[in-house]
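# Descriptive structure summary
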Amino acid sequence: MDTTDITRAITAATSVAASLGLPADDAVVLHRSNRLALRLTPCDVLARVAPAGYEAARFEVELARRLARAGCPTGLLESRVDPLVHTRDGFTVTLWTYYEPVTPHTSPADYARALERLHAGMREVDVVDVPIPRFTDRVAEAEGVVADPDLSPELADADRAFLSGRLASLRRAIEGRGAVEQLLHGEPHPGNVLATRNGPLFIDLETCCRGPVEFDLAHVPEAVCERCPDVDRGLLDDCRQLVLAVVAAWRWEVGDRLPNGRRFGDEMLRSLREGPPWPTLDTIAGRLDGQEPKATRRR
């Protein structure tokens, strides 16, 4: 979201909250990417704001309702109002429970247990009537960015050819393994895990997709993977490479506004060329000034 839109987005969010009886005299920006995350006070609500037409908002709200009923460790919608997507002044607004973080990081053991609970709950959720994308849809989007110089004009020809080949070969390799697929978070990296009084909670459900569990594990630290049972290490390695390739493609897309995004992209390309052991997202983030691994963000 552009800086010029932030003031308007805040006004839209506070207006929606006030119209629903939630006093919102002030807003603190918690995160800015393809949408804005705001803490509204004094009602103490988390508002997610995106440009109007952001279809993922309805998808996320519907999944959040179903996952909550299944007892999954995910962030909850704001309970004082109906679970709806609101449109105001050119923006889409959804309202969520705000959680005060109790610690900056989640221990690997707690992280692994929460992820296991999430996956178990997701296997029980009925989403037959919800169009859930497959992990390969994300790969196809990345391939489209790499294939079109208009979408990635600063990507060098050699890097374009390398990345295109790696995305295609990894997708074939993973699909060729014939692993069991299920509903996944899609991006359960540390930046999408909140350490709360209720334990670790996963947020940003817009990334949910179908795929092998190892695709989710490819986003988390190695210390977490070590505590997850029945992991196919070969499949995990392929998924880690695929995640690096997909995220690298997004970092070269026109309009990418991730701070130091090109540095992330360069580092991921270098890691893919160097070969195993394949680094995790938190490892790469640690190399680049200790940033949290929001490098998976599309924008």
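Higher on the page you've got the structure.
These remarks concern the structure in this document. (Residues numbered from 1 in each chain as written. Predicted model: local features only at pLDDT ≥ 70, side-chain atom pairs only at ≥ 80, totals over all residues. Heavy atoms only, no water.)

### Observations regarding unusual backbone geometry
The phi torsion of most residues other than glycine is negative, and most of the peptide bonds are trans. A cis amide bond links T41 with the next residue in sequence, P42, at an omega value of 10 degrees. The backbone phi angle of D89 is positive, close to 50 degrees, even though this residue is not glycine. Here D89 lies in the loop between strand 4 (86-88) and strand 5 (91-97). Judged by its relative accessible area of 52%, D89 is exposed. Of note, the phi angle at D230 is positive, near 60 degrees, even though the residue is not glycine. Note on placement: D230 falls in the loop between helix 7 (222-225) and helix 8 (233-251). Residue D230 is classed as exposed on the basis of its relative accessible area of 77%. (Helix = DSSP H or I, 4+ residues; strand = E, 2+ residues; numbered from the N terminus. Buried < 20%, exposed > 50% of the residue type's maximum accessible area, 1.4 Å probe, protein only.)

### Considerations on the packing of aromatic side chains
In this structure the tally under the stated criterion is two aromatic pairs. Aromatic pair Y111 and F202: ring centres 6.2 Å apart, planes at 65 degrees, arrangement edge-to-face. Of this pair, Y111 sits in helix 3 (residues 108-124) while F202 sits in strand 8 (residues 199-202), and the two are 91 residues apart along the sequence. Among the residues examined, Y111 registers a relative accessible area of 3% and is labelled buried. Looking at R48, its charged tip hangs above the ring of W96, at a distance of 5.8 Å from the centre. Residue placement shows R273 over the ring face of F162; its charged tip is 4.4 Å from the ring centre. (Phe/Tyr/Trp six-rings, centres within 6.5 Å; stacked < 30°, edge-to-face > 60°. Lys NZ or Arg CZ within 6 Å of the ring centre and 35° of its normal.)

### As for the layout of surface pockets
Considered as a void within the structure, the largest pocket measures approximately 870 Å³ in volume. Along the wall of the largest pocket there are 35 residues; nearest its centre are P190, G191, V193, L194 and I203. For the lining of the largest pocket, the leading source of residues is strand 7 (residues 193-196), giving three residues. Of the residues belonging to the lining of the largest pocket, the class tally is 21 nonpolar, seven polar and seven charged. (1 Å grid on protein atoms, 1.4 Å probe; cavity = no way out; pocket = protein on both sides within 12 Å on 5 of 7 lines; lining within 4 Å. Points joined across faces, edges and corners; volume = space filled by probe spheres on them. Nonpolar A, V, L, I, M, F, W, Y, C, P; charged D, E, K, R; others polar.)

Structural measurements only, silent on function.
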